[in-house]
Amino acid sequence: MWAYNETFYQIYPIGFCGAPTHNDGICVPRILKLKDWSSYLENLQIGSVLLNPIFESDNHGYDTRDFKKVDCRLGTNEDFQDVCDDLHKHHIKIVLDGVFNHVGRGFWAFQDVQEKKWDSPYKDWFYINFDGDSCYQDGFWYEGWEGHFELVKLNLQNPAVTDYLLDCVRFWIETFDIDGLRLDVAYSLDHNFMRRLRSFCEEQKPGFVLIGEVLFGDYNLIVNDEMLHSCTNYECYKGIYSSLNSMNLFEIAHSLNRQYGPEQWCIYRGKHLMSFVDNHDVTRIASILTTPAHLPLAYGILFGMPGIPCIYYGSEWGEEGIKTPDNDYALRPCFEAPKPNALTDFIHRLITLRQNSDALCNGGYRNISITNHQLVFERRTGQERILIAINASESDFTIHHGELLGTFTDLLKSWIFRLTAYSISKRFPDKIFKIKKIRVNIHTVLRYLHEFFIGINSFKLFSEFIFSFSVT
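Calculation criteria
- Residues numbered from 1 in each chain as written.
- Predicted model: local features only at pLDDT ≥ 70, side-chain atom pairs only at ≥ 80, totals over all residues.
- Heavy atoms only, no water.
- Helix = DSSP H or I, 4+ residues; strand = E, 2+ residues; numbered from the N terminus.
- Buried < 20%, exposed > 50% of the residue type's maximum accessible area, 1.4 Å probe, protein only.
- Contact = heavy atoms within 4.5 Å.
- Areas by Shrake-Rupley, 256 points an atom, 1.4 Å probe, with all protein chains shown as cover.
- Pairing = 2+ DSSP bridges.
- Axes fitted to C-alpha atoms, helices over the stretch in contact; angles between N-to-C directions.
- Salt bridge = Lys/Arg side-chain N within 4 Å of Asp/Glu carboxyl O.
- Parallel < 35°, antiparallel > 145°, perpendicular 65-115°, else oblique.
- Left-handed = near helix turned anticlockwise from the far one by under 90°.
- Nonpolar A, V, L, I, M, F, W, Y, C, P; charged D, E, K, R; others polar.
- Phe/Tyr/Trp six-rings, centres within 6.5 Å; stacked < 30°, edge-to-face > 60°.
- Lys NZ or Arg CZ within 6 Å of the ring centre and 35° of its normal.
- pLDDT = per-residue confidence, 0-100.
- Polar contact = N/O pair within 3.5 Å; in protein donor to acceptor, adjacent residues only side chain to side chain.
- Right-handed = clockwise from strand over helix to strand, strands pointing away.
- Core = buried A, V, L, I, M, F, W, Y, C linked by side-chain atoms within 4.5 Å.

A.B. asks: Please explain the overall build of the protein chain as it appears in this structure.
C.D. replies: Helices and strands together make up the secondary structure of the protein chain, namely 14 helices and 24 strands. Relative to its 472 residues, the protein chain shows a buried fraction of 57%. The contacts of the protein chain with a sequence gap of at least 6 include a subset with a gap of at least 24, amounting to 68%. For the protein chain, the exposed surface amounts to about 19,000 Å²; the carbon and sulfur share of it is 51%.

See the structure below:
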């Protein structure tokens, strides 16, 4: 699956494009703004954009009116076709937000029920009771998503509903040539619907990826060979910032080992969950971290751990945004243009390292050394071993461990060195590292090792690398 080896970039289009928060009915081609960012995203080496709702809705996009029409606040279907063509030309795939659990009150089929009541052919598309009334005085009660009655829950056990939704997916593939879907509130979706969606999409476009939004529970229930390829890893999202804020790296180390470790009881080995440090629903990582210097460390963990890393637009340069009780507008701003800085350059470096490493994309996970302020873990395949070292302390720290011996390449600093003891430090002192005074390009080192080991049949190609992150 192509998605396992790529970095995703999430954009909330209504906010990103500066569209009105409530649908004003005025058609403006704001979605074309994405074309102004395509070169930036390509240079950042983003493999796919994940676009939150783009279809006609009442307000925020998750209250859909029409699944086959781009929201007028963003433009027309033709405008979005233009955007998709441009992104594909820049080698960037497109994953859309599939909101299949519920629709808005302005959805055409629900409006037919409002008008015709019992006589509507669409009354069984929803969970409706004509013996009651809604908070909107519709003359009938209906189920809303988790008590939000502006979001009308769809009946996914009705074949007419699932047929309609699959026809919409076919339309998106044929019209926009999209490459996958994020399934909103996937934990609420009917499992049989997800099974049918998986087989349908694979028939329509082989390699079509399905990624579910899941907040809790056993991810194996929906991430499997019959349903979804991946889902959001909220457990480790919380573990990353919480470990750094509490200066207790045992928390994230425990979560990562519980999910991906070498023991038989570890629950998600071999799976590629979507990893993130923030998104359109939570406070941005730059705002939630209590120590700003920990921001690069959070991204170091993100790109070092198993999973599919996803960056939320603007966070790659440290944009702040705090979730409020009544709305998420502060999390979904409009930027006139990208604002890359040193953090962006650092993240770009991490994306590049991951792209060129099978161990980082697909390797196993193992904790090597853990303290409250330091963590060293291993990613490994049969041909490659990478150690990720995190130091959340302001002080240098020396780790003595039997596995931290040998000759390594520092992937961030392009150094080759031999370890007798490993120090996670800001200065990389020679007396600890015994660094050979050789400055070379990493790709040169990789090429040299490859040619050396391939040329000697008795040796197995095996390279060892390390990259470390410290407070500066």
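A.B. asks: Just to check I follow, could you spell out the sheet that holds strand β14 (residues 274–276) for this structure?
C.D. replies: Backbone hydrogen bonds hold the strands of a sheet together, and the pairing may be parallel or antiparallel. The strand order across the open sheet built from eight strands is β13-β12-β11-β5-β2-β1-β15-β14, with neighbouring strands paired in parallel fashion. Sheet topology places β13 (230–231) and β14 at the edges, where each strand pairs with a single neighbour. Taken together, the two bridges between strand β12 (residues 209–212) and β13 define a ladder with parallel strand orientation. By the bridge assignment for β13, Gly212 is matched with Cys231. Relative to strand β15 (residues 308–312), helix α10 (residues 295–304) is tilted by about 145°, and along the sheet it contacts β14 and β15.

A.B. asks: Explanation requested: the pattern of salt bridges in the structure shown.
C.D. replies: Opposite charge on two side chains permits them to pair, given that their charged atoms come into close proximity. Inspection of every chain in the model, using the stated rule, returns 27 salt bridges. Measuring nitrogen to oxygen at the nearest pair gives 2.8 Å for the salt bridge that ties Arg73 to Asp71. For the pair Arg73 and Asp71, one class covers both residues: buried. For the salt bridge of Lys323 with Asp328, the shortest nitrogen-to-oxygen distance reads 2.7 Å. Take Asp328: its relative accessible area is 15%, and that puts it in the buried class. Salt bridges here are not isolated pairs; linked through shared partners, they connect Arg366, Glu378, Arg380, Arg385 and Glu403.

A.B. asks: Would you mind going over the packing of α10 against helix α11 (residues 342–355) with me for this structure?
C.D. replies: The packing of two helices is summarised by the inter-axis angle and the distance between the axes. Contact geometry of α10 with α11 gives a least axis separation of 10 Å together with a crossing angle of 15°. By the angle between their directions, the pair α10 and α11 is classed as roughly parallel. Every pair of crossing elements has a handedness; the one defined by α10 and α11 is right-handed. Side by side, α10 and α11 meet where Leu295, Pro296, Tyr299, Gly300 and Phe303 of the first sit next to Leu343, Phe346, Ile347, Leu350, Ile351 and Arg354 of the second.

A.B. asks: Would you mind showing me how to read the packing of helix α2 (residues 33–44) against α11 here?
C.D. replies: Direction vectors running N to C along α2 and α11 enclose 60°, while the axes themselves pass 9 Å from each other. Between α2 and α11, the angle falls in the class oblique. Here Tyr40, Asn43 and Leu44 of α2 come into contact with α11, specifically with Thr344, His348 and Ile351. Of the residues contributing to the contact of α2 with α11, the split by class is three nonpolar, three polar and no charged.

A.B. asks: Please clarify how the packing of aromatic side chains should be interpreted in this entry.
C.D. replies: Enumeration over the complete set of coordinates arrives at 39 aromatic pairs. Across the ring face of Tyr136, the terminal group of Arg105 is positioned such that the distance to the ring centre comes to 3.8 Å. Taking the ring centre of Tyr313 as reference, the NZ or CZ of Arg284 above it sits at 5.5 Å.

A.B. asks: Sorry, what's going on with the sheet that holds strand β10 (residues 148–153) here?
C.D. replies: Spatially, β6-β10-β9 is the arrangement adopted by the three strands of the open sheet, whose pairing is antiparallel. Single-partner strands in this sheet number two, and they are β6 (102–104) and β9 (144–145). In terms of strand pairing, β9 meets β10 through two bridges, oriented antiparallel. Residue pairing for β10: Trp145 is matched across the bridge by His148.

A.B. asks: Can you help me understand the confidence of the model for the protein chain in this one?
C.D. replies: For residues with low pLDDT, the predicted coordinates do not support detailed interpretation. When pLDDT is averaged across the protein chain, the result is 88; 88% of the residues are at 70 or more. Note that pLDDT drops below 50 for residues 426–463; the model gives that stretch 68 contacts with residues more than four away or on any other chain.

A.B. asks: What am I meant to see in the side chain of Arg105 here?
C.D. replies: Within the element layout of this structure, Arg105 appears in the loop between β6 and α4 (108–116). A distance of 2.8 Å separates a polar atom in the side chain of Arg105 from a polar atom in the side chain of Asp138. Contacts of Arg105, omitting those with residues within four sequence positions, involve Asp58, Phe110, Gln111, Gln114, Tyr136, Asp138, Tyr142, Phe149, Glu150 and Val152.

A.B. asks: Teacher, can you tell me more about the pairing of strand β16 (residues 364–370) here?
C.D. replies: Residues in a regular strand point their side chains to alternate faces of the sheet. Across six bridges, the pairing between β16 and strand β17 (residues 374–380) is antiparallel. The partner of Arg366 across the bridge, within β17, is Glu378. Adjacent in sequence and paired antiparallel, β16 and β17 are bridged by three residues.

A.B. asks: I would appreciate a short explanation of unusual backbone geometry in the present structure.
C.D. replies: With the exception of glycine, the majority of residues adopt a negative phi angle, and the majority of peptide bonds are in the trans configuration. Positive phi is not limited to glycine here, since Asp177 has a value of about 55°. Secondary-structure assignment places Asp177 in the loop between α5 (159–176) and β11 (180–183). Relative accessible area serves as the criterion here: at 36%, Asp177 is assigned to the partly exposed category. A positive phi angle, close to 50°, is found at Met247, a residue other than glycine. Mapped onto the fold, Met247 is located in the loop between α7 (234–246) and α8 (250–260).

A.B. asks: Is there a simple way to think about the pairing of β12 in this case?
C.D. replies: Side chains of β12 alternate between two faces, with Val209 and Ile211 and Leu210 and Gly212 buried alike. Where the polypeptide runs from β11 across helix α6 (residues 191–204) and back to β12, its parallel neighbour, the crossover connection is right-handed.

A.B. asks: How should I be thinking about the nonpolar core in this particular structure?
C.D. replies: If you look at soluble globular proteins, the nonpolar side chains tend to sit buried side by side. With 119 residues, the main nonpolar core has Tyr9, Phe80, Phe100, Phe126, Trp172, Leu181 and Tyr299 as its most contacted residues. Residue contributions to this core peak at nine residues, all from α5. Trp2, Tyr4, Val95 and Ile308 belong to the second largest nonpolar core, which has 11 residues in total.

A.B. asks: Just to check I follow, could you spell out the environment of Cys310 for this structure?
C.D. replies: Structurally, Cys310 can be placed in strand β15. For the pair formed by Cys310 and Phe276, sequence separation is 34 residues and the distance between their alpha carbons is 5.2 Å. Once residues lying within four places of it in the same chain are set aside, the contact partners of Cys310 are Phe8, Tyr9, Gln10, Met274, Ser275, Phe276 and Leu302.

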